[in-house]
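An overview of the molecular structure
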Amino acid sequence: MNSFYVFSGKKIKRFFYICAAALLAAGVVYVERGNITVFSESPPSAIYSVPTEKKLIALTFDISWGEKRPGPILKVLEDKKVDKATFFLSSPWSKTHQDIVANIKNAGYEIGSHGHKHVNYSSLSSEEIRNQITTAGTILNELTGKEPKLIRMPNGDFDKRVLQVANDLGYKVIQWDTDSLDWKNIGVENIVKRVTTKAHPGDIILLHASDSCKQTHEALPHIIDALRSQGYEFVTVSELISQGSTEGKEVRDSAWLSDRLEDAAGL
């Protein structure tokens with residue numbers, strides 16, 4: 001008996017997308033194979049998550065422009081009684097939105113630096129990197145009364161040189177393991193699904209409170225409820241780090257490669 005298999009055009013296209021994404025991921029791993037650090041306690045390194053058996057998780061929010069989104073997000077956190085979260089603030093934005101910075105501070109949330117100019121620091125000289133970090137730190141210190149010791153680089157971009165300069169200045173570079181993709185405005189349901197299915201103990205979750213992210217405040221209540229139902233407790237990034245050794249990686253980790261595969265495959 002002869003057997004025939006019928007493949008739809010959609011399935012074939014999806015298959016080729018997945019293959020192409022897999023090849024791309026393999027290429028990245030090959031090129032970066034000499035730089036990948038699976039686990040490292042020695043600085044300089046970037047922190048993506050903290051290995052822990054406790055169901056602790058850190059919600060983090062980047063803000064670099066706009067004034068429409070921070071208020072609703074702060075209101076959700078207040079209504080849901082989430083009193084621990086970390087906000088990474090751009091210093092130029094902070095200077096022009098001092099009232100919002102004050103609201104974040106007065107609510108008791110942790111404030112980290114999101115740098116000064118919103119450019120890729122790996123493209124700058126070491127002296128320029130130092131100037132960008134110190135300028136941002138000075139401004140945030142003046143506005144909050146406390147010098148930040150955590151920094152998330154603009155666009156999440158860094159290299160070994162950036163890590164070294166930040167470390168020399170006493171900063172910990174904070175990345176994330178779970179990207180909500182709220183910055184793509186992929187829809188409330190998709191944002192919630194990404195966070196709640198990828199979250200794990202010790203995770204650092206990337207969210208945004210800039211005006212370009214129009215769905216974060218709508219997805220946030222569902223994210224909070226879902227994570228609590230899974231037994232998670234919300235803590236600041238600093239509290240998470242204090243739980244133990246951090247997972248330092250100098251380049252994009254396996255979670256990032258997995259995300260790229262999913263994006264390419266349309267999952």
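Below: a short report on this structure.

About the criteria used
Numbering of residues begins from 1 in every chain and follows the order in which that chain's sequence is written. Since the coordinates come from a predicted model, pLDDT governs what is reported: local features require at least 70, and pairs of side-chain atoms require 80 or more to be given and counted, while whole-chain, interface and lining totals use all residues. The side-chain values count all of the structure's non-hydrogen atoms but skip hydrogen atoms and water molecules. Think of a salt bridge as a Lys or Arg side-chain nitrogen and an Asp or Glu carboxyl oxygen that are within 4 Å of each other. Runs of E in the DSSP output that reach at least two residues are strands. Runs of H or I that reach at least four are helices, and both are numbered from the N terminus. Partly exposed residues are those whose accessible area sits between 20% and 50% of the maximum for their type, while under 20% is buried and over 50% is exposed, using a 1.4 Å probe and protein chains only. Convention adopted: a line fitted to C-alpha atoms gives each axis, helices being fitted over their contacting stretch, and angles between N-to-C directions are expressed from 0 to 180 degrees. Roughly parallel covers angles under 35 degrees, roughly antiparallel covers those over 145, roughly perpendicular covers 65 to 115, and oblique covers all other angles. Two helices crossing with the near one rotated counterclockwise from the far one by less than a right angle form a left-handed crossing, whereas a clockwise rotation gives a right-handed crossing. Contact between two residues is taken to exist if any of their heavy atoms lie within 4.5 Å; hydrogens are not considered. Gly is put with the polar residues, along with every residue not named as nonpolar or charged; the nonpolar set is Ala, Val, Leu, Ile, Met, Phe, Trp, Tyr, Cys and Pro, and the charged set is Asp, Glu, Lys and Arg. Pairing between strands requires that DSSP locate at least two bridges from one strand to the other. Orient the strands so they point away from the viewer; a crossover is then right-handed if the path from the first strand over the helix to the second runs clockwise.

Overall, the coordinates contain six salt bridges when judged by the stated rule. The partner of Asp62 in a salt bridge is Arg152, and the shortest N-O contact between them spans 2.8 Å. One end of the pair, Asp62, is in strand S2 (residues 56–63); the other, Arg152, is in the loop between strand S5 (150–151) and helix H6 (160–168), and 90 residues separate them in sequence. Overall, Arg152 belongs to the buried group, its relative accessible area being 1%. Lys80 serves as the salt-bridge partner of Asp225, at 3.0 Å between the closest nitrogen and oxygen. Here Lys80 lies in the loop between helix H2 (70–79) and strand S3 (86–89) and Asp225 lies in helix H8 (residues 216–229), a separation of 145 residues in the sequence. According to the relative accessible area criterion, Asp225 is partly exposed, its value standing at 37%.

Put simply, helix H7 (residues 188–198) and H8 touch, their axes get as near as 9 Å, and they point 30 degrees apart. Considered as vectors, H7 and H8 are oriented roughly parallel to each other. Note on packing geometry: the crossing formed by H7 with H8 is right-handed. Of the residues in H8, those in contact with Val188, Ile191, Val192, Val195 and Thr196 of H7 are Glu218, Ala219, His222, Ile223, Ala226 and Leu227. Across the contact of H7 with H8, the residue classes break down as eight nonpolar, two polar and one charged.

Turning our attention to unusual backbone geometry. Its identity as a non-glycine residue notwithstanding, Lys81 has a phi of 55 degrees, on the positive side. Looking at the element boundaries, Lys81 is found in the loop between H2 and S3. The exposure class of Lys81 is exposed, given its relative accessible area of 67%. The backbone of Leu181 shows a phi angle near 60 degrees, a positive value even though the residue is not glycine. You can see Leu181 is positioned in the loop between strand S7 (178–179) and H7. When its relative accessible area of 3% is taken as the criterion, Leu181 is described as buried.

Our next topic: the pairing of strand S8 (residues 203–208). Within S8, six of the six residues are buried, leaving the element largely enclosed by the surrounding structure. Inspection of the sheet shows S2 paired to S8 by six bridges, in the parallel sense. Of the residues in S8, the one forming a bridge with Asp62 is His208. By the bridge criterion, two bridges tie S7 to S8 in an arrangement that is parallel. Within the sheet, the bridge partner assigned to Thr178 lies in S8 and is Ile205. After leaving S7, the chain enters H7 and then returns to the sheet as S8, a path that is right-handed.

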